[in-house]
Amino acid sequence: QVVLVESGGGLVQAGDSLRLSCAASGRTYNIYIMGWFRQAPGKEREFVAGIRGIRWSGGYTYYADSVKGRFTISRDNAKNTLYLQMNSLKPEDTAVYYCAAGVRAGLSSDSDYDYWGQGTQVTVSS
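> What is the right way to look at the pattern of salt bridges in this model?
When the charged atoms of two side chains with opposite charge come close together, those side chains can pair. Scanning the model with the defined rule gives six salt bridges in all. The salt bridge involving Lys-68 is made with Asp-65; its shortest N-O contact spans 3.6 Å. Judged by relative accessible area, which is 70%, Asp-65 ranks as exposed. Beyond isolated ion pairs, a larger network of salt bridges with shared partners links Arg-38, Glu-46, Arg-70 and Asp-93.

Now the structure itself:
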């Protein structure tokens, strides 16, 4: 199995920046994709950003239109850690953010992923 542990969430003001981290452990050699999803109160979980490559080598990134230009997904292969750098945060970014990993090539659908983190709360005040 793969275990994902997230950190970095918190309360920030509109326009601020925040970086989320996701540490992966276990059988990470099977991982081909990793991504971030979020779920706001009363809404469905939505795709935020994904990265695809061979094992821990990322060769392609994809972003939701709502975060493109503001968020950046990356990973440190040596540390087995995925990051989400969030800049110019808006109140509508408020949600629980989830880290995910999978063995498939798809990036933007929940069904593409096999492993999920516990979620971390991000709250952006006006």
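> Any chance you could explain the side chain of Arg-38 here in plain terms?
By the secondary structure assignment, Arg-38 is in strand S4 (residues 33-39). For Arg-38, a relative accessible area of 6% puts it in the buried group. A polar side-chain atom of Arg-38 sits 2.9 Å from a polar atom in the side chain of Asp-93. Of note is the side chain of Arg-38, whose polar atom sits 2.9 Å from the side chain of Tyr-97. Leave out the neighbours within four places in its chain, and Arg-38 touches Glu-44, Arg-45, Glu-46, Val-48, Ser-66, Val-67, Phe-71, Glu-92, Asp-93, Ala-95, Val-96 and Tyr-97.

Calculation criteria
Residues numbered from 1 in each chain as written. Predicted model: local features only at pLDDT ≥ 70, side-chain atom pairs only at ≥ 80, totals over all residues. Heavy atoms only, no water. Salt bridge = Lys/Arg side-chain N within 4 Å of Asp/Glu carboxyl O. Buried < 20%, exposed > 50% of the residue type's maximum accessible area, 1.4 Å probe, protein only. Helix = DSSP H or I, 4+ residues; strand = E, 2+ residues; numbered from the N terminus. Polar contact = N/O pair within 3.5 Å; in protein donor to acceptor, adjacent residues only side chain to side chain. Contact = heavy atoms within 4.5 Å.

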